[in-house]
Amino acid sequence: MKPRLKRGVRLTYDHTRDLQVLLYPEGVLVPNPTATAILQLCDGDTTVDEITLALSNQYDGVQAQQVVDVLTRLADRQVVEWS
Amino acid sequence: MTEAPLGLTAELTHRCPLHCPYCSNPLELLQRDQELTTQQWKEILTQARELGVLQVHFSGGEPLGRPDLPELIEHTADLGAYVNLVTSGLGLTEQRLNTLVDKGLAHIQLSVQAADAERANKIAGTRAHHHKLVAAELIKRTGLPLSVNVVLHRANHDQLEGIIALAEQMGADRLELANTQYYGWALRNRDQLMPTKEQLAAAQPVVRAAIDRLKGRMQVIYVVADYYEEYPKPCMYGWGARQLTIAPDGTVLPCPAASAIETLNLDNATTKSLQEIWYGSESFNAYRGEDWMSDTCRSCDRRGIDFGGCRCQAFLLTGDGAATDPVCRKSPDRELVDLILRTPVKPAEFKPAEFEMRR
Ligand SMILES: C[S@@+](CC[C@H](N)C(=O)[O-])C[C@H]1O[C@@H](n2cnc3c(N)ncnc32)[C@H](O)[C@@H]1O
Ligand code: SF4
Ligand code: SF4
């Protein structure tokens, strides 16, 4: 399972708010730091396990299930899809 | 506390080659010589980005009618905002489209009037349908995400299944089926546009089936006909909370329909900064928070959900912009809406002679 940002979705830095923001056709999401770290790896090439591993270097005790949960929520919001 | 805005709708022009009788544009359409210049728009877009706007929707009228659209898109994309184009598709050639994409366009919302050319052209008041089929194909070729927007009313509700099939054929990533909202020309034609109860009931299973069947391929969104509901639609995320609209002449509006509220003292972006208007103006502060609300709303649990409903609708139906949206069953004015719904309807067939087509 390799997640990727859906077409037309962009993760960028908003210098006005000093926040990472996710821009997509219907609106704007402000992902929390964990979600941001995950989104940065949603390139359609990196697997959930690889994302979990990469995140464990940043955060303690990251489980693959947590990553899947975050991605599922993002998929429900129509910003992430699986490839 | 007032937060920074997220989205700006830039109505570049009111000019449009179509004449949709459901058009939400105001009856008094602005003329070309009243439109802002390229330079004025650029300055406004820069201010908007500084204010916090992250999403810019170029709309109108027909935004493709402005020759400076590529320049404005480039300017907006360079500022770091997400650029969306809301268009009828008329005037979208392959070359034009490629230029817009090169300049940073991220998403297109293409409107469609009906399922087939005959009906669609009648509603549009011109031969528009085939242009849309071509436009959709061109958009798909660029790889840009495509949303198809359809305004539903009595004269096309019977084609709902065909409309969904058409959007699929077009390869839409998203289909927005929105029942007509009664502002501008749509309000003028309300009696002819109002769907019947039967049409709305028939739409429900069709929409539900489409949502299920197309899951993961095409997102289907259905906006209900609020006159038939018990509670009003939410006023965006609250008045002056997240969005602003700028009319072709620079008038700054809390919502695209707000020019209807005659009691509102509107400002113009050419004479005041957007910052001052967003945070300090009478119009943007008029219905912020809850202080302005009637007792009916202020004591209601749903006020955090719908913010008392639509201010424009409240004004248009009751003459008071601060009234509870008369669509709400708790509103003392609900009878106004019920009366409209009791008006006997003519058959669903579209007869242009019965409509006042938009100019
Ligand atoms: C006013 S139009 C301007 C852009 C372009 N001319 C078009 O029609 O796509 C902006 C959007 O509002 C939708 N629209 C127009 N009148 C409406 C109404 N009365 N209620 C709901 N949506 C409406 C159109 O379908 C379009 O998606
Ligand atoms: S809704 Fe129809 S008439 Fe109104 S601006 Fe769009 S295409 Fe033109
Ligand atoms: S009373 Fe006001 S807040 Fe309550 S549901 Fe009706 S419009 Fe919304």
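Scroll up to find the structure this text is about.
This report concerns the structure included in the present document. (Residues numbered from 1 in each chain as written. Chains lettered and ligands numbered in written order. Predicted model: local features only at pLDDT ≥ 70, side-chain atom pairs only at ≥ 80, totals over all residues. Heavy atoms only, no water.)

What about the overall build of chain B?
Inference 1: Within chain B, the secondary structure is distributed over 15 helices and ten strands.
Inference 2: By the compact-globule yardstick of 21 Å for 359 residues, chain B fits well, its C-alpha radius of gyration being 20 Å.
Inference 3: C-alpha extents for chain B along the principal axes are approximately 55 × 50 × 40 Å.
Inference 4: Looking at chain B as a whole, 54% of its 359 residues qualify as buried.
Inference 5: Within chain B, contacts between residues separated by at least 24 positions form 73% of all contacts whose residues are at least 6 apart in sequence.
Inference 6: Surface exposure of chain B reaches about 15100 Å², of which carbon and sulfur atoms provide 49%.
Inference 7: On chain B, the mean spot of the 38 positive side-chain charges and the mean spot of the 46 negative ones are 4 Å from each other. (Helix = DSSP H or I, 4+ residues; strand = E, 2+ residues; numbered from the N terminus. Rg over C-alpha atoms; globule rule 2.2 N^0.38 Å. Buried < 20%, exposed > 50% of the residue type's maximum accessible area, 1.4 Å probe, protein only. Contact = heavy atoms within 4.5 Å. Areas by Shrake-Rupley, 256 points an atom, 1.4 Å probe, with all protein chains shown as cover. Lys, Arg positive; Asp, Glu negative; His and termini not counted. Charge placed at Lys NZ, Arg CZ, Asp CG, Glu CD.)

Comments concerning a negative patch on the surface
Residues and elements named next belong to chain A.
Inference 1: Together, D43, D45, D49 and E50 line one region of the surface with negative charge.
Inference 2: Topologically, D45 is positioned in the loop between α1 (33-39) and α2 (48-56).
Inference 3: Assessed through its relative accessible area of 58%, D45 is described here as exposed. (Patch = residues over 30% accessible without salt bridge, like charges linked within 9 Å, V, L, I, M, F, W, Y side chains within 5 Å. Salt bridge = Lys/Arg side-chain N within 4 Å of Asp/Glu carboxyl O.)

Some remarks on the nonpolar core
Generally speaking, nonpolar side chains in soluble globular proteins are found buried as a group.
Residue and element names in this part refer to chain B.
Inference 1: The biggest cluster of nonpolar side chains holds 59 residues, and the ones touching the most others in it are F58, V148, I164, L177 and L274.
Inference 2: Those residues in contact with F58 that sit more than four places away from it in its chain are A10, L12, L45, P63, L69, L72, I73, T76, V83, N84, L85 and V86.
Inference 3: Counting 22 residues, the second largest nonpolar core, distinct from the first, contains A128, W185, Y227 and I340. (Core = buried A, V, L, I, M, F, W, Y, C linked by side-chain atoms within 4.5 Å.)

A closer look at the site of ligand 2
Inference 1: Around ligand 2 lies a shell formed by C16, L18, C20, Y22, C23, N25, G61, S88 and R358 of chain B.
Inference 2: Among the residues making up the shell around ligand 2, the classes are represented as five nonpolar, three polar and one charged. (Near = heavy atom within 4 Å. Nonpolar A, V, L, I, M, F, W, Y, C, P; charged D, E, K, R; others polar.)

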